[in-house]
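# Fold and geometry: a report
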There are 2 protein chains.
Amino acid sequence: MASTKQINIAIIVFPGAGGVGKCFLSQLEQLTYRRPTPKLVLIYICTSKKALYSTDYLAVKLNDVSSALASSSLAPLPIPKLVEFLNASGSKTVLVDNTSSQDVADAYPLFLSNGISIVTPNKKAFSGSYKLWQDIFSAASKSGAKVYHESSVGAGLPVISTLKDLVDTGDEVTKIEGVFSGTMSFLFNSFAPTSGTGGKWSAEVKKAKELGYTEPDPRDDLNGLDVARKLTILARLAGLEVESPTSFPVQSLIPKELESAASGDEFLEKLPAFDEQMEETKAAAEKEGKVVRFVGSIDVATKQVKVGLEKFDRSHPIAALKGSDNIISFYTKRYGSNPLIIQGAGAGGDVTAMGVTGDLLKVLSQIA
Amino acid sequence: MASTKQINIAIIVFPGAGGVGKCFLSQLEQLTYRRPTPKLVLIYICTSKKALYSTDYLAVKLNDVSSALASSSLAPLPIPKLVEFLNASGSKTVLVDNTSSQDVADAYPLFLSNGISIVTPNKKAFSGSYKLWQDIFSAASKSGAKVYHESSVGAGLPVISTLKDLVDTGDEVTKIEGVFSGTMSFLFNSFAPTSGTGGKWSAEVKKAKELGYTEPDPRDDLNGLDVARKLTILARLAGLEVESPTSFPVQSLIPKELESAASGDEFLEKLPAFDEQMEETKAAAEKEGKVVRFVGSIDVATKQVKVGLEKFDRSHPIAALKGSDNIISFYTKRYGSNPLIIQGAGAGGDVTAMGVTGDLLKVLSQIA
């Protein structure tokens, strides 16, 4: 049964998406050395502006792809043309979507119904409308094509695979709780540490931005939408029909007055005027001997999903988190009062790419 | 590509192996309801003394198998005959080994080379001689049959799958450290809690036995061999050629004088006379503001594997463990200074069976 088949790979990558594109190419290159079968052949790669493709194989080495792409004169194929191109390639194909594009996500049902498998860290496909979610999995189910998205929550941490295993083996997930954002983790571990006093809120946000822990405009982290998207994905996997990431309570940490600030820089400049509110929240928690953290939780029985600030005992695993680590606790019938916990870096190019590469290996084991 | 194939299931189960046999049958029954394809057909089940088999399917419902087995007049097939029987069944077969038998483990290469896939919580196959380890994986590689053993370390916790993903995607695992025994976890969380004083060592051992947390003879936990077997498995997956679970330092918590005690009961009776030694160990740790824990560690670079007592800061995740939970930390190049951590119940029938059922689903996704 050992197979020597060829599997074609197509990659869509938008530069800037957390460096995942470059890291994935590097991991793919190593993979082709370590695992000669099945033979992986890159036949298409594009950014939002440029493309390289050939139905045989790209005549560039994987570690030269970035520069070859930069100097290419080809434009990306429109998605229907890309599907045609991949279908004509004569081998089974895996599409690697290393973007955070809603347009690419919207085309997943089309790719999948054409038998093209997908691996991706793109949250948009699985946290958009519930209809898109249904269309994706029904297309995959009909065609037999696979779709994996481990890195859409917690980067390379085994969060989605673990939840799927719990559900698929018949356990009853009662609650999921955790810190799902590396940015929020870093901010609150510094702002309200379990020992010591921590800095002013606006100063911590500024520091986090300087260290590259936030989006270019920190409001894109502070609005809570990134965490809401991840919660939407997990809630759906746990069996809840969550309509969208805006269909449940999400606490934004952007002061109302700064929502309309013209830029991230203007926002950061004006943020110190609002430090008092966060200081009060911190002090209220301290009075109870607790610390404040930005968490998401899913109560499966009551179907309640929420994202926002909560207080935790200093000895609680969520309070004791370090750096920009994520922590995800699964409370289930089988695991009883002590949850199954996954903890570690939940952001970064290398660990995000690792989730994608791991997914690719899972797909290969099934289609090759 | 959606398949309607039939997959045959054969189960070997020795009663008393942590209740995993019954729990697995119950999970398998639920699975056949939830997932009609591929059709799973039980064609063979045996204990060490009795068997039920039919090349078509067993004419008993899955939840009646235990009682039907008890009243069966058939003896188990000798392993070569079992292989013949399974080969003649006409469909692909998965053998579920829910024993902790070395004899069954020794036959894995024979099953695998005949194309029979294996899922099992049995540690013996993967922690015995290095030659058996090599024979198992080379047989699987040649025939294409699959072999999965998630529950051999940490029960249903995603320990082995996570380590495999790290290695397969090209990460460099530098160190693995943790509490790998539910019994040892319970004993030390009670004996040397992070707050309060804890009981006498012999009293805690007695209590653990009464609560069913130890083997019938607690020395089978206290000798450290169970942890050594798990470390052997993880070290091999991380690339170290560990010859056997006795080829590295393993600290036994059985006083030399009690190694020859005639029974577990005699051992427990005489243990209080040796409490002082453990009290000293506890006090030495307390002087440094630490607590003592029974841990295993693998230093991949120096190829050092060891099992025994170590001291940890009270705020360390290993010190803060609760109940009989396991914790496993993977230090890797990609994850940097903060490890990837998996934590939760690492023993118990239901969660152990869950690991086996999860493995079965992975095998089915590849062979059906």
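Please read all numbers here as calculations on a predicted model, not as lab measurements.

Criteria and cut-off values
- Each residue is numbered by its place in its chain's sequence as written, counting from 1.
- By the order in which they are written, chains take letters starting at A while ligands take numbers starting at 1.
- Per-residue local features of the predicted model are confined to residues with pLDDT of at least 70, and side-chain atom pairs are confined, for both listing and counting, to 80 or more; whole-chain, interface and lining totals are unaffected and use all residues.
- The basis for the side-chain values is all heavy atoms of the structure; hydrogens and waters are excluded.
- One side-chain nitrogen of Lys or Arg within 4 Å of one carboxyl oxygen of Asp or Glu is enough to make a salt bridge.
- Think of it this way: any DSSP run of H or I at least four residues long counts as a helix, any run of E at least two long counts as a strand, and we number them from the N terminus.
- Think of it in three bands: residues with accessible area under 20% of the maximum for their type are buried, residues over 50% are exposed, and the middle band is partly exposed, with areas taken using a 1.4 Å probe on protein chains only.
- The copies were overlaid with a least-squares fit restricted to C-alpha atoms from residues scoring a pLDDT of at least 70 in each copy.
- By definition in these notes, contact holds between two residues if any of their heavy atoms fall within 4.5 Å.
- For two strands to count as paired, DSSP must find a minimum of two bridges between them.
- For helices, the fitted axis covers only the stretch in contact; all axes are lines through C-alpha atoms, and the angles between them, taken along N-to-C directions, range from 0 to 180 degrees.
- What gets called buried area is simply the loss in accessible area from a 1.4 Å probe that two parts show on being joined, summed for both.
- Pairs of N or O atoms within 3.5 Å make up the polar contacts considered here, provided that, within protein, one atom can donate a hydrogen while the other can accept it, and that residues adjacent in sequence are counted only when both atoms are side-chain atoms.
- Note on residue classes: Ala, Val, Leu, Ile, Met, Phe, Trp, Tyr, Cys and Pro are nonpolar, Asp, Glu, Lys and Arg are charged, and everything else, Gly too, is polar.
- UniProt positions are given in the numbering used here, feature names are shortened, and annotations may be inferred rather than shown by experiment.

All names here are of chain B. Under the definition given, this model contains 26 salt bridges over all chains. Close ionic contact of Lys131 with Asp135 constitutes a salt bridge, the shortest N to O distance being 2.7 Å. Here the residue Lys131 and the residue Asp135 both occupy positions in helix 7 (residues 130–143), the gap between them amounting to 4 residues, near one helical turn. Its relative accessible area of 54% is what places Lys131 among the exposed residues. On the basis of relative accessibility, which here comes to 29%, the residue Asp135 falls in the partly exposed class. The salt bridge involving Asp265 is made with Lys209; its shortest N-O contact spans 3.8 Å. Within this pair, whereas Asp265 is found in helix 13 (residues 264–270), its partner Lys209 is found in helix 10 (residues 201–210), the two being separated by 56 residues in sequence. By relative accessible area, Asp265 is classed as exposed at 52%.

Before going further, it helps to spend a moment on the relation of the copies chain B and chain A. Mapping one chain copy onto the other needs a rotation about an axis and a shift along that axis. Structural alignment of chain B on chain A gives an RMSD of 0.0 Å, achieved by rotating through 180 degrees and translating 0.0 Å along the axis. Accordingly, the operation relating the two chain copies is best matched by a two-fold axis. Both copies present the same face, since 100% of the interface residues in chain B are matched by interface residues at the equivalent positions in chain A.

Residues and elements named next belong to chain B. Spatial strand order, 3-2-1-4-5-6: 6 strands in an open sheet with mixed pairing. Among the strands making up the open sheet, the edge pair consists of strand 3 (51–53) and strand 6 (147–148). Across the sheet, helix 3 (residues 79–87) lies against strand 1 (6–13), strand 2 (39–46), strand 3 and strand 4 (92–98), angled at about 160 degrees from strand 2, the strand it touches most.

Moving on, we come to the side chain of Arg219 of chain A. Mapped onto the elements of the fold, Arg219 of chain A is located in helix 11 (residues 219–222). In this structure Arg219 of chain A touches Ile254, Leu258, Glu259, Ser260, Ala261, Ala262, Ser263, Gly264 and Phe267 of chain A, once residues within four positions along its chain are discounted.

Many structure descriptions define interface size as the accessible area lost when the parts assemble. In this assembly, 44 residues from chain B lie in contact with 44 residues from chain A. Here chain B packs against chain A, burying approximately 3,400 Å² in sum over the two surfaces, 54% of which is carbon and sulfur. Inspection of the region where chain B meets chain A yields 4 salt bridges. Between Asp168 of chain A and Arg35 of chain B there is a salt bridge whose closest N-O contact spans 3.3 Å. There are 12 residue pairs in polar contact (both at pLDDT 80 or more) connecting chain B and chain A. Elements that contribute at least two residues to the side of chain B that touches chain A include exactly helix 1 (20–34), helix 7, helix 8 (160–168), strand 11 (340–345) and helix 15 (349–367) of chain B. Here the element with the most residues in the side of chain B that touches chain A is helix 15 of chain B; it accounts for 9 residues. For the side of chain B that touches chain A, the class distribution of residues is 16 nonpolar, 17 polar and 11 charged.

Bringing unusual backbone geometry into the picture now. Most peptide bonds take the trans form, and the phi angle of most residues other than glycine is negative. Residue and element names in this part refer to chain A. For the peptide bond that leads from Thr37 to Pro38, omega is -10 degrees, which places it in the cis range. By secondary structure assignment, the location of Pro38 is in the loop between helix 1 (20–34) and strand 2 (39–46). Even without being a glycine, Lys303 presents a positive backbone phi close to 60 degrees. On the secondary structure map, Lys303 appears in the loop between strand 8 (290–299) and strand 9 (304–313). Look at Lys303 and you get exposed, because its relative accessible area is 63%.

This brings us to the pairing of strand 2 of chain B. For a regular strand, the rule is simple: side chains alternate between the two faces of the sheet. Residue and element names in this part refer to chain B. The element strand 2 is largely enclosed, with a buried count of 7 among its 8 residues. In the sheet, strand 1 pairs with strand 2 via 7 bridges, with the strands oriented parallel. Residue Ala10 lies in a different strand from strand 2, and its bridge partner there is Tyr44. Of the strand pairs in this sheet, strand 2 and strand 3 are connected by 3 bridges, and their pairing is antiparallel. Note on strand 3: the bridge partner recorded for Cys46 is Ala51. Between strand 2 and strand 3, which pair antiparallel one after the other, the connecting turn spans 4 residues.

The next thing to look at is the UniProt feature "binding site: L-homoserine" (unreviewed entry) in chain A. Residues and elements named next belong to chain A. Under the feature "binding site: L-homoserine" (unreviewed entry), the UniProt entry names Glu215. Relative to the elements of secondary structure, Glu215 occurs in the loop between helix 10 (201–210) and helix 11. Accessibility expressed as a relative area gives 39% for Glu215, which makes it partly exposed. Residue contacts for Glu215: discarding those within four places in its chain leaves Asp220 and Asp221.

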